[in-house]
Amino acid sequence: MELTTFWFILIAVLWIGYLVLEGFDFGVGMLVGALAQDDTERRVLINTIGPLWDGNEVWLLVAGGATFAAFPEWYATLFSGFYLPLLLILIALIVRGVAFEFRGKRNERAWRRNWDIAIVVGSAVPALLWGVALANIVRGVPIDKNHEYVGTFFDLLNPYALLAGVVTLAVFFVHGCFFVALKTVGDIRHRATKLGVKVGVGAAGPAVAFIVWTGIDQGAFAVWLFGLLAVISCVASLALALAHREMLAFIATSLTIAFVAIMLFVGLFPDVMPSSLNSAWNLTTTNASSTHYTLVIMSWVAVIFTPIVLMYQSWSYWVFRKRIGVQHIPTEVLAR
Amino acid sequence: MDALDIARWQFGITTVYHFFFVPITIGTSFLVAGMQTAWFRTHKEKYLRLTKFFGKLFLINFAMGVATGIVQEFQFGMNWSDYSRFVGDIFGAPLAIEGLLAFFLESTFLGLWIFGWDRLTPRVHLATIWIAAVGTLLSSYFILAANSFMQNPVGFEFNAEKGRAELTDFGAVLTNKVLLATVPHQIFACFMVAGAFVGGIAMWQIMKHPDRDAEAFRTAFRLGAVTLIVAGLGTIVSGDYQGKIMTEVQPMKMAAAEGLYETSEPAPFSILTIGTLDGSKEVYKLEVPRLLSYLGTGSFDGKVEGINSLQAKYEETYGAGDYSPNIPISYWTFRIMITLGGLAMAAGAWMLWATRRGRVPSGRWLLRTAIVLPLLPLFANSFGWIFTEMGRQPWIVFGLMPTSAGVSPGTTLAEVLTSLIAFTVIYGVLAIVEVKLLLMYIQRGLPEIPTESPGDDDIDAPLAFAY
């Protein structure tokens, strides 16, 4: 396999890992506003992702770094072109990350409420905007012959991309619901399942519309195939949730996210960022890539260290496998 | 003002701000790991309480470091896309490796440390904080590898057809002599910050609440003060070595640091120079003969090149233009760095003396010094980085690419200005929140440890940690 293809696949894997993992913690973040009925429940929700969210976010940092190293042209065009959405995402991620750490550090209602708002907004905004950004990459944006983005912020807010944003927002929300159902005990677990199924059914329309739109646009058989797999796993996740098979339901939503992402990356290949102005100006895996030498070094690093990272991250999920509930929240917060 | 100026301001503000949290994180992770190790081996409760107390302060700080760190990676592409295109083949690799090797390690094992108190055996739990601490060292090595390439590009070839620098020898990038000089200097400087942080807070507790856990805080204070002083000595030695390397690879930066206009043999070290505002002329100066020769070359008779002759030389090599950085900024940031670092060591030594043989120190000045102590090496670090980065100007990659050529051509002034304002406002608010939180936890003192910990079979026992 060409190394450029290998790195295209690796970056796709990093994005899929990021979307699946941070997808559920974005979902849980939104649930802090939508599901929790009191402060204790909010803390149960946040504690389900407490040990995990930071590690999940590193997937984004590594995806960004890997793009920079393997496809500098792609990194440069993408990050300078999508300036304002990325700025919004950055601000959301900053506020959200600080909010997780700071909300419990003072025992005041107003303090906690403000940070809870930060968690909800900081989770919803990236959940929406990552969908918008990914859809724009696949659909193509105005790029000139020097690989510069020449569109405006509003070019990014086209119907196809906005639809994608709504879909990622809804899917992450459901993904978060099923994660909470898997990780909690008591009343909150059942309410999470119910809410997840309800929103999941409601999201079916936009999701199918987006998949069909992508299929028609891209046309390739593989795109349709992965779109179909996404629909099947989505339906399966709702059925499994209703049957109280929480682990399987969560795996199914993970697969849904993965299949949608694979569908988009398959549609994209061998481009990495097509130009909507002239297909000769497309950024491709070959014209956007680093030198062979750099790719060889990076490949060795990735081949050696990715399994190690996966091993200890899995171990940390295993360590925190116990379900938690309202009874696990200490009554005297400040004594801890 | 154009997008270039704003992008430079943004880089400066976000990087200096981010770098308030980094040195505390790197050094304190090791000190907290040390405290927990002491508890593991002696089972003395004071070590556990100190671990939890400084652990909490560490985490408040770490949260800010993580949150502001992500901006650093993104802004290369957002504001400096032409730079990214030019060096991506080389610069991206250490950045990606930093993420894969270090960030995953830090975030995962810190998560395990925070939430794993009652889920892991004491031995494994202790290992998690050590692994996270080692992660911070790996992180600093790789990010400095990237930065050192900008200071002293090695292991590359210029590809004229593609208009970019291409990697030819990754080993050279990872053993860049600037990197090997910078890493020890930076790590020692981080330990100075952490020592002053732990020491200053402990000293404040001893003086403010002499009847509350004074023995435990005395232990913490000595740990901090000794760390500060030992690391301070390391910083001086490594800084001297780094200065010699810098004199070799970027003589202009060091000439600017000295305000040395004419090539001198031997060269004096300037203690104070007052020049005209634009920095082009000296009005008054106080100097130590021959010292600069020694600092720069290792010999008291060594020749040190001046700004004027370097300027002429660079014009010959690179064409017409101004190749000197902002002289007053270089001159003063260099001196402020050294002065603050020296003051921190002196203050640490003074306080150590005041607590000798079980004494409980008193006095307003000592208390004031304890409060200021953590800030001294912290700001020394900031000024050191401002010196390093500003002193490289007008180059973004020394000798290869001017800073003005690195900026994103497609972004508008409005976009960059929006992000500058957004980051400044949000960073300002978060600074206030962080400081308030730190002060609140410092004032609260050591946490109590519950006497009886619930057994493993009690599935409804409260978590050891909950947000």
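Residues numbered from 1 in each chain as written. Chains lettered and ligands numbered in written order. Predicted model: local features only at pLDDT ≥ 70, side-chain atom pairs only at ≥ 80, totals over all residues. Heavy atoms only, no water.

(A) Summary view of the overall build of chain B. Helix and strand counts for chain B stand at 14 helices and six strands. In summary, chain B has a C-alpha radius of gyration of 24 Å against a globular reference of 23 Å for 467 residues, a match within 12%. In terms of its C-alpha atoms, chain B occupies a principal-axis envelope of roughly 75 × 50 × 40 Å. A burial count over chain B gives 60% of its 467 residues as buried. For chain B, long-range pairs separated by at least 24 residues make up 78% of all intrachain contacts whose partners lie at least 6 apart in sequence. Entry remark: accessible area of chain B is about 18,800 Å², with carbon and sulfur atoms responsible for 65%. (Helix = DSSP H or I, 4+ residues; strand = E, 2+ residues; numbered from the N terminus. Rg over C-alpha atoms; globule rule 2.2 N^0.38 Å. Buried < 20%, exposed > 50% of the residue type's maximum accessible area, 1.4 Å probe, protein only. Contact = heavy atoms within 4.5 Å. Areas by Shrake-Rupley, 256 points an atom, 1.4 Å probe, with all protein chains shown as cover.)

(B) Quick peek at the packing of helix H6 (residues 177-208) of chain B against helix H13 (residues 375-391) of chain B. All names here are of chain B. Relative orientation of the contacting elements H6 and H13 amounts to 150 degrees, with a least axis distance of 8 Å. What the angle tells us is that H6 and H13 run roughly antiparallel. Of the residues in H13, those in contact with Gln186, Ala189, Met192, Val193 and Ala196 of H6 are Pro377, Leu378, Asn381 and Trp385. (Axes fitted to C-alpha atoms, helices over the stretch in contact; angles between N-to-C directions. Parallel < 35°, antiparallel > 145°, perpendicular 65-115°, else oblique.)

(C) Focus on the domain arrangement of chain B. All names here are of chain B. What the domain assignment lists for chain B is domain 1 (3-250 + 325-458) and domain 2 (251-324). Contacts between domain 1 and domain 2 engage 27 residues on the former and 27 residues on the latter. Of the roughly 2,100 Å² buried between domain 1 and domain 2 on both sides combined, carbon and sulfur atoms contribute 65%. One salt bridge connects Arg335 with Glu258, and the closest N-O pair in it is separated by 3.0 Å. (Domains from an automatic or database assignment. Buried area = accessible area lost by both parts, 1.4 Å probe. Salt bridge = Lys/Arg side-chain N within 4 Å of Asp/Glu carboxyl O.)

(D) Region of interest: helix H12 (residues 364-372) of chain B. Residues and elements named next belong to chain B. Within H12 the residues assigned to the buried category are Leu366, Leu367, Thr369 and Ala370. Seen along its axis, H12 keeps its buried residues to an arc of 160 degrees; they face one direction. Exposed and facing more than 90 degrees away from the buried side of H12 are Arg364 and Trp365. Here the buried face of H12 lies against H6 and helix H11 (327-354). (Arc of directions from axis to C-beta.)

(E) Examining the interface of chain B and chain A more closely. Chain B puts 80 residues into the contact, and the matching count from chain A is 75 residues. Overall, the association of chain B and chain A removes approximately 7,200 Å² of surface from exposure, summing both partners, and the carbon and sulfur fraction of that is 71%. The interface formed by chain B and chain A includes two salt bridges. Linking Glu73(A) and Arg85(B) is a salt bridge whose minimum nitrogen-to-oxygen distance equals 2.7 Å. At the junction of chain B with chain A, the criterion picks out 18 residue pairs in polar contact (both at pLDDT 80 or more). Elements with a contribution of two residues or more to the side of chain B that touches chain A: helix H2 (45-79), helix H3 (81-115), strand S2 (164-167) and helix H14 (413-444) of chain B. (Polar contact = N/O pair within 3.5 Å; in protein donor to acceptor, adjacent residues only side chain to side chain.)

(F) Broad picture of the packing of aromatic side chains. With the rule as written, the count across this model stands at 57 aromatic pairs over all chains. Consider the rings of Phe11(B) and Phe76(B), whose centres lie 6.0 Å apart with planes at 50 degrees: the pair is tilted. On the criterion of sequence distance, the pair formed by Phe11(B) in helix H1 (residues 3-42) and Phe76(B) in helix H2 is long-range, its members being 65 residues apart. Members of the aromatic cluster, joined through ring pairs, are Phe68(A), Tyr75(A), Phe79(A), Phe11(B), Phe74(B), Phe76(B), Tyr83(B) and Phe91(B). The side chain of Arg335(B) reaches across the aromatic face of Tyr331(B), ending 3.7 Å from its centre. (Phe/Tyr/Trp six-rings, centres within 6.5 Å; stacked < 30°, edge-to-face > 60°. Lys NZ or Arg CZ within 6 Å of the ring centre and 35° of its normal.)

(G) Representation of the pairing of S2(B). Residue and element names in this part refer to chain B. Here S2 shows no split at all, with Arg164 and Glu166 on one side and Ala165 and Leu167 on the other all buried. In this sheet, S2 lies alongside strand S1 (residues 156-159) in antiparallel orientation, the contact comprising four bridges. Looking across to S2, one finds that Asn159 is bridged to Arg164. (Pairing = 2+ DSSP bridges.)

(H) Here's a closer look at helix H1 (residues 3-34) of chain A. All names here are of chain A. Given a rise of 1.5 Å per residue, 32 residues ought to cover 46 Å, and the 45 Å separating the end C-alpha atoms of H1 matches this to within 8%. The sharpest bend along H1 measures roughly 30 degrees and falls at Gly23. The element H1 is largely enclosed, with a buried count of 27 among its 32 residues. (Expected span 1.5 Å × (residues − 1). Bend = angle between axes of the 7 residues up to and from the residue.)

(I) Quick look at the nonpolar core. Among the nonpolar cores identified, the biggest contains 244 residues, and Phe82(A), Phe102(A), Phe210(A), Phe54(B) and Tyr83(B) are the most heavily contacted of them. Contacts of Phe102(A), omitting those with residues within four sequence positions, involve Trp111(A), Trp115(A), Ile60(B), Ala63(B), Met64(B), Val433(B), Glu434(B) and Leu437(B). (Core = buried A, V, L, I, M, F, W, Y, C linked by side-chain atoms within 4.5 Å.)

(J) Geometry of the confidence of the model for chain A. For chain A, per-residue confidence averages 91 on the pLDDT scale, and residues scoring 70 or more make up 98% of the total. Across chain A, the secondary-structure element scoring lowest on mean pLDDT is strand S2 (residues 283-284) of chain A, at 87, and the one scoring highest is helix H7 (residues 159-183) of chain A, at 95. (pLDDT = per-residue confidence, 0-100.)

(K) Region of the structure containing the packing of helix H3 (residues 53-70) of chain A against helix H4 (residues 72-81) of chain A. Residues and elements named next belong to chain A. Relative orientation of the contacting elements H3 and H4 amounts to 125 degrees, with a least axis distance of 5 Å. When the axis of H3 is compared with that of H4, the two are oblique. Side by side, H3 and H4 meet where Gly64, Thr67, Phe68, Ala69 and Ala70 of the first sit next to Pro72, Trp74 and Tyr75 of the second. Per-class residue counts for the contact of H3 with H4 are six nonpolar, two polar and no charged. (Nonpolar A, V, L, I, M, F, W, Y, C, P; charged D, E, K, R; others polar.)

(L) Examining the side chain of Asp144(A) more closely. Residues and elements named next belong to chain A. Following the sequence through the fold, Asp144 ends up in the loop between helix H6 (109-139) and H7. At 6.7 Å, Lys145 is the nearest oppositely charged side chain to Asp144, a buried residue that forms no salt bridge. Among the polar contacts listed, one links the side chain of Asp144 to the backbone nitrogen of Asn146, at a separation of 2.9 Å. (Lys, Arg positive; Asp, Glu negative; His and termini not counted.)

(M) Summary view of the environment of Ala225(B). Residues and elements named next belong to chain B. Examined against the element boundaries, Ala225 turns out to sit in helix H7 (residues 214-249). Once the C-alpha coordinates of Ala225 and Ala344 are considered, the two residues, 119 residues apart in sequence, prove to be 9.7 Å apart. With residues up to four places along the chain from it excluded, the contact list for Ala225 reads Gly195, Gly348 and Leu352.

(N) Region of interest: the pattern of salt bridges. With the rule as written, the count across this model stands at 24 salt bridges over all chains. Arg189(A) is paired through a salt bridge with Glu246(A); the nearest N and O atoms lie 3.0 Å apart. Separated by 57 residues along the polypeptide, Arg189(A) in helix H8 (residues 187-218) and Glu246(A) in helix H10 (residues 246-268) bring together distant segments of the chain. Take Arg189(A): its relative accessible area is 22%, and that puts it in the partly exposed class. Where Lys177(B) meets Glu248(B), a salt bridge forms, and the shortest distance between an N and an O atom there is 2.4 Å. Note that Lys177(B) is positioned in helix H6 and Glu248(B) in helix H7, a separation of 71 residues in sequence. One salt-bridge network, in which partners are shared between bridges, spans Asp39(A), Arg42(A), Arg43(A), Arg103(A), Arg112(A) and Asp116(A).

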